[in-house]
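Examining the three-dimensional arrangement
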Amino acid sequence: MKLVLTEFVTLDGVSQGPGSSTEDTSDGFTRGGWLVPYLDEAFVRRTSDWLDLADGLLLGRRTYEAFAHDWPQITDPDDPFTVRMNALPKYVVTNTIAEGTWNPTTVLRGDPVQTVGELKAQPGRELQIHGSARLGNALLAACLVDTLRLVVAPTVIGSGRRLLDHPIAPIGLQITEHEVTPNGLVILQYDAIGAAPLAEYEGVTAFV
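Residues numbered from 1 in each chain as written. Predicted model: local features only at pLDDT ≥ 70, side-chain atom pairs only at ≥ 80, totals over all residues. Heavy atoms only, no water.

Looking at an unreviewed UniProt entry, one finds the chain named Deaminase, with Kribbella capetownensis as its source organism.

Two side chains bearing opposite charge may form a pair once their charged atoms approach each other closely. Taken as a whole and judged by the stated rule, the model has 9 salt bridges. Residue Arg-84 is joined to Asp-52 by a salt bridge in which the shortest nitrogen-to-oxygen separation is 2.6 Å. In this pair, Arg-84 is assigned in helix α3 (residues 82-87) and Asp-52 in helix α1 (residues 41-52), connecting sequence segments 32 residues apart. Judged by relative accessible area, which is 42%, Asp-52 ranks as partly exposed. One continuous salt-bridge network, built from bridges that share partners, spans Arg-46, Asp-49 and Glu-179. (Salt bridge = Lys/Arg side-chain N within 4 Å of Asp/Glu carboxyl O. Helix = DSSP H or I, 4+ residues; strand = E, 2+ residues; numbered from the N terminus. Buried < 20%, exposed > 50% of the residue type's maximum accessible area, 1.4 Å probe, protein only.)

Take the pairing of strand β8 (residues 186-195) next. Sheet topology places strand β6 (residues 147-152) next to β8; 6 bridges connect them, and they run antiparallel. By the bridge assignment, Leu-148 is partnered in β8 with Tyr-190. Bridge analysis of strand β7 (residues 171-180) against β8 gives 9 bridges, and the strand direction is antiparallel. Bridge assignment links Glu-179 to a residue of β8, and that residue is Ile-187. Counted along the chain from β7 to the antiparallel partner β8, the turn is 5 residues long, and its residue Gly-184 has a positive phi close to 100 degrees. (Pairing = 2+ DSSP bridges.)

Time to look at the environment of Val-107. The residue Val-107 is located in strand β4 (residues 105-108) in this model. Relative accessible area serves as the criterion here: at 19%, Val-107 is assigned to the buried category. Discounting residues that sit within four places of it in the chain, Val-107 has contacts with Val-92, Thr-94, Ile-97, Ala-98, Glu-99 and Gly-100. (Contact = heavy atoms within 4.5 Å.)

Regions of empty space are outlined by a rolling probe, equal in size to a water molecule, passed over the atoms. Reported here for the largest pocket is a volume of approximately 1,500 Å³. Forming the boundary of the largest pocket are 47 residues, of which Glu-23, Thr-63, Phe-67, His-130 and Gly-131 lie nearest the centre. Within the residue set of the lining of the largest pocket, elements represented by two or more residues are β1 (2-9), α1, α2 (61-70) and α5 (133-141). Among the elements that line the lining of the largest pocket, the one with the most residues is α2, at 7 residues. (1 Å grid on protein atoms, 1.4 Å probe; cavity = no way out; pocket = protein on both sides within 12 Å on 5 of 7 lines; lining within 4 Å. Points joined across faces, edges and corners; volume = space filled by probe spheres on them.)

Here we take up α2. When we look at burial in α2, the residues that qualify are Thr-63, Tyr-64, Phe-67 and Ala-68. Down the axis of α2, the buried set is contained in an arc of 130 degrees. They therefore lie on one face. The outward face of α2, more than 90 degrees from its buried face, is lined by the exposed residues Arg-62 and His-69. In this structure, the buried side of α2 is in contact with β2 (54-60), α3, β3 (90-93), β4 and β5 (126-130). (Arc of directions from axis to C-beta.)

The subject of this paragraph is the nonpolar core. One finds Leu-3, Leu-58, Val-116, Leu-119, Leu-127, Leu-139 and Leu-150 to be the most contacted residues of the largest nonpolar core, which totals 24 residues. Contributing elements (two or more residues each) for this core: β1, β3, α4 (112-120), β5, α5, β6 and β8. Take this core: its biggest share by element is 4 residues, from α5. If near-sequence neighbours (up to four positions away) are discounted, Val-116 is found in contact with Leu-3, Leu-58, Val-93, Leu-139 and Leu-144. Formed by 15 residues, the second largest nonpolar core is a distinct cluster that contains Tyr-64, Leu-88, Trp-102 and Val-107. (Core = buried A, V, L, I, M, F, W, Y, C linked by side-chain atoms within 4.5 Å.)

Here is the structure:
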């Protein structure tokens, strides 16, 4: 399977608490809910299309527990995500819980790089990480992420946990899709291409 990391971020790179003020208040974060003012039909359509490609969801423990609490409670028959989110296989990377409550769930214990690598080797389409920024960051650093999907909100939030903040070698990305929604969300899709290329600037004539 291809490992795809989907994240919502602000212009200053914050990924914490996009959906509400109470979603993630760790480390005293009080500025959650920054994505919601910009939601629109184009965003819902695009994220629904992405979910159609999933053969499984890969989650860290904190995101898993939040999703396991919330998604089974959604009863709106017109919600475009609920049936698929509840039915898809869930894989939670953790050494602190023995079993999941949001079925079907498989707990991946041990070294995340090893267990996720083994899961990736199985046949299928996309294994999608939603939220779980710490897990996604670690797997990106380990060169296990194949595709990075970013939804960038037109806001600078000024505090909170940033997504791409890791002391590793530079990672090269190649943009494959881009879109701007009517409410100003910038949707970007990148494929990981290995080490980031570096070069010396030799003047504009080198590019014309």
